[in-house]
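Letter by letter, the chains look like this.
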Amino acid sequence: MVRWAEKNELPGLIAIELAADGLFEQVGIVFPPGTTQIEEVDDPGAVLVEGEPPVGFALVGWVDGNLHLEQLAVRPDNMRQGAGGRLMAAVIDHAAAAGAPAVTLTTFRDVPWNAPWYERHGFSVMGEAEWGPELRALVRHERDLGIEVAPRVVMHRAP
């Protein structure tokens, strides 16, 4: 069951993000040190969770008038059981309900559970000419943080 997070659940989501990030080591991707994205969240109204207690989460925000998926993470031992798909469907439903023209995200192009997974959920690569100023700044910020340790793409889909 997907629902909005409770404030007291936010600290527990850090372990989910760290565990999910650890999977990238299998494909040679090691993230730079620093805080996780969920550690920087104060508003549980930006976080959808799956499960009780949560086994996964989707962190969303607004970029150039579109709903932007900042992070989707599922505990590795709960992967391949539909939690990510249910979270993705809830993000898309939320975008539609909020009147967003699109859902956007940035992800690794060649990691099987990244761009190819999002493509199966209706996303397509968004060319740089289509990026708005906030999305352009977000991509530049990711690069400055050192996240682009493998080829990344911007993707979008209509809700």
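Note that the structure is a prediction, hence the values are computed from the model and not measured.

So, about the overall build of the chain. Scanning the chain for helices and strands turns up four helices and seven strands. When the helices and strands of the chain are read in sequence order from the N terminus, they spell out β-α-β-β-β-α-β-α-β-α-β. Overall size of the chain, expressed as C-alpha extent along the three principal axes, is 40 × 40 × 30 Å. Of all 159 residues assigned to the chain, the portion counted as buried reaches 46%. The contacts in the chain between residues at least 6 apart in sequence include a share of 70% that link residues at least 24 apart. Approximately 8,100 Å² of the chain is accessible, and the part contributed by carbon and sulfur atoms is 53%. Counting 12 positive and 23 negative side-chain charges, the chain places the averaged centre of each group 5 Å from the other.

Moving on, we get to helix α4 (residues 133-145). Along its 13 residues, α4 runs 18 Å from first to last C-alpha, staying within 8% of the 18 Å computed at 1.5 Å per residue. For α4, the full list of buried residues reads Leu135, Leu138, Val139 and Glu142. Buried residues of α4 fall within an arc of 95° about the axis and therefore sit on the same side. Facing away from the buried side of α4 by more than 90 degrees, the exposed set consists of Pro133 and Asp144. Those residues of α4 that are buried lie in contact with β3 (56-63), β4 (66-74), β5 (103-108) and β7 (152-157). Following α4 by one or two positions, glycine 146 adopts a phi angle in the positive range, close to 85°.

Moving on to the side chain of glutamate 17. Relative to the assigned elements, glutamate 17 resides in helix α1 (residues 10-22). The buried charged residue glutamate 17 lacks any salt bridge partner; its closest oppositely charged side chain belongs to arginine 152, at an N-O distance of 10 Å. For glutamate 17, the side chain forms a polar contact with the main-chain nitrogen of glutamine 37, separated by 3.0 Å. If sequence neighbours within four positions are ignored, glutamate 17 has contacts with Thr36, Gln37, Ile38, Phe57, Gln71 and Ala73.

Analysis parameters
- Residues numbered from 1 in each chain as written.
- Predicted model: local features only at pLDDT ≥ 70, side-chain atom pairs only at ≥ 80, totals over all residues.
- Heavy atoms only, no water.
- Helix = DSSP H or I, 4+ residues; strand = E, 2+ residues; numbered from the N terminus.
- Buried < 20%, exposed > 50% of the residue type's maximum accessible area, 1.4 Å probe, protein only.
- Contact = heavy atoms within 4.5 Å.
- Areas by Shrake-Rupley, 256 points an atom, 1.4 Å probe, with all protein chains shown as cover.
- Lys, Arg positive; Asp, Glu negative; His and termini not counted.
- Charge placed at Lys NZ, Arg CZ, Asp CG, Glu CD.
- Expected span 1.5 Å × (residues − 1).
- Arc of directions from axis to C-beta.
- Salt bridge = Lys/Arg side-chain N within 4 Å of Asp/Glu carboxyl O.
- Polar contact = N/O pair within 3.5 Å; in protein donor to acceptor, adjacent residues only side chain to side chain.

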